[in-house]
Amino acid sequence: MTEEALALYLVPTPLGHLGDITQRAIEVLRQVPWVAAEDTRHSGPLLRHYGCNARLLAAHQHNEEDAAQQVVARLAAGESVALVVDAGTPGVSDPGARLVARVRAAGYRVVPLPGPCAAVVALSAGGLGEAQFLFYGFLPSKAGARGEVLRQLAHLPWALVFYEAPHRIVETVAALAEAFGPERTLVIARELTKLFESIHSCPLGEARDWLLADGNRQRGEFVLLVSGAPPVDESAEGERVLKLLLDEGLPVSQASRLAHLITGVGKKVLYQHALRLRG
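Residues numbered from 1 in each chain as written. Predicted model: local features only at pLDDT ≥ 70, side-chain atom pairs only at ≥ 80, totals over all residues. Heavy atoms only, no water.

I tried to follow the nonpolar core on my own but got confused; where do I start?
Soluble globular proteins tend to bury their nonpolar side chains together. One finds F162, L176, F180, L186, I188, L224 and V226 to be the most contacted residues of the largest nonpolar core, which totals 24 residues. Breaking this core down by element, the ones donating at least two residues are α6 (143-153), β7 (159-164), α7 (169-180), β8 (185-190), α8 (204-212) and β10 (222-226). Element by element, the count of residues in this core is highest for α7, at six residues. Core analysis: the next-biggest nonpolar cluster, separate from the first, contains 21 residues, A7, A25, L29 and A82 among them. (Core = buried A, V, L, I, M, F, W, Y, C linked by side-chain atoms within 4.5 Å. Buried < 20%, exposed > 50% of the residue type's maximum accessible area, 1.4 Å probe, protein only. Helix = DSSP H or I, 4+ residues; strand = E, 2+ residues; numbered from the N terminus.)

Here is the structure:
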């Protein structure tokens, strides 16, 4: 590659279907002398399929700092490097972020290529009505930490996007239902672009039983989409908060002011309601 093209190239690879790669990605992989790969055993055959003969170096979550030093050394020698993960886009719930930061800090270009991302693929087929979404990725594996994260997300009005592994899918879906309630919609996108791809939509309260009804439904890699929290009746929420504050013994004026600051409901309206409650 030319000196002007010297860079770390972030190259998305197919989620499963080998045809889901861009022509530009193939050209980069064929031209770079080095490819940093999350799993060289996995990526080696894939790269050979696309006619890439680059030398491989390992760049996974356990050696990312060392891998970054190797990549910077290759760039310093005038050799471009492509970064790939097992499937999808580097740095999106996969290794790559720290390596990219070190390369930037060393003063070298980082060139991202567009391509496959399981979250975007699932969203395009999920059919949820929200225009906005929040990508979370993998939830904590321990129940307590996972529950705390979900409680923080429960009130958000946006579609929520999670990744999950097969051995945790049932308990994660149960945790989602407990935190968000049974009525919100869950889309279970499994094995996207692969032979046994399936996309199922149902209320959260029915999802666990659906998974348990057929063991095959618990296999593969999952993207979970949850519809956003329904709109809150602000006046009712203001009254609820106001009552809690009054029950704690706060004076009418202070309770009204705090309820206004918390909920945004008009202070005068809350003050009059507080008077009625105290009357």
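Where do I start with the sheet that holds β8 in this structure?
Strand pairs in the sheet, formed through backbone hydrogen bonds, run parallel or antiparallel to each other. One open sheet holds the five strands; their spatial order is β6-β7-β10-β8-β9, and the pairing between them is mixed. Two strands close off the open sheet at either side, each with one partner strand: β6 (133-138) and β9 (198-203). The sheet shows a mean angle of 15° between the axes of neighbouring strands, direction not considered. In terms of strand pairing, β7 meets β10 through five bridges, oriented antiparallel. (Pairing = 2+ DSSP bridges. Axes fitted to C-alpha atoms, helices over the stretch in contact; angles between N-to-C directions.)

I would appreciate a short explanation of the pattern of salt bridges in the present structure.
On inspection of all chains with the given rule, the structure shows 10 salt bridges. Its salt-bridge partner being R146, residue E171 comes within 3.3 Å of it at the nearest N-O pair. With a gap of 25 residues between them, E171 in helix α7 and R146 in helix α6 connect regions that are remote in the sequence. A relative accessible area of 37% places E171 in the partly exposed class. (Salt bridge = Lys/Arg side-chain N within 4 Å of Asp/Glu carboxyl O.)

How should the environment of L192 be read in this particular structure?
When you line up the elements, L192 lands in the loop between β8 and β9. Considered as a pair, L192 and V149 are 43 residues apart in the sequence and their alpha carbons are 26 Å apart.

Explanation requested: the layout of surface pockets in the structure shown.
With a probe scaled to a water molecule rolled over the atoms, the places where space remains empty come into view. As a volume, the largest pocket reaches approximately 740 Å³. Lining the largest pocket are 28 residues, and of these A87, S93, D94, F138 and E221 lie nearest its centre. Contributions of two or more residues to the lining of the largest pocket are made by β7, β8 and β10. Across the lining of the largest pocket, the residue classes break down as 13 nonpolar, five polar and 10 charged. (1 Å grid on protein atoms, 1.4 Å probe; cavity = no way out; pocket = protein on both sides within 12 Å on 5 of 7 lines; lining within 4 Å. Points joined across faces, edges and corners; volume = space filled by probe spheres on them. Nonpolar A, V, L, I, M, F, W, Y, C, P; charged D, E, K, R; others polar.)

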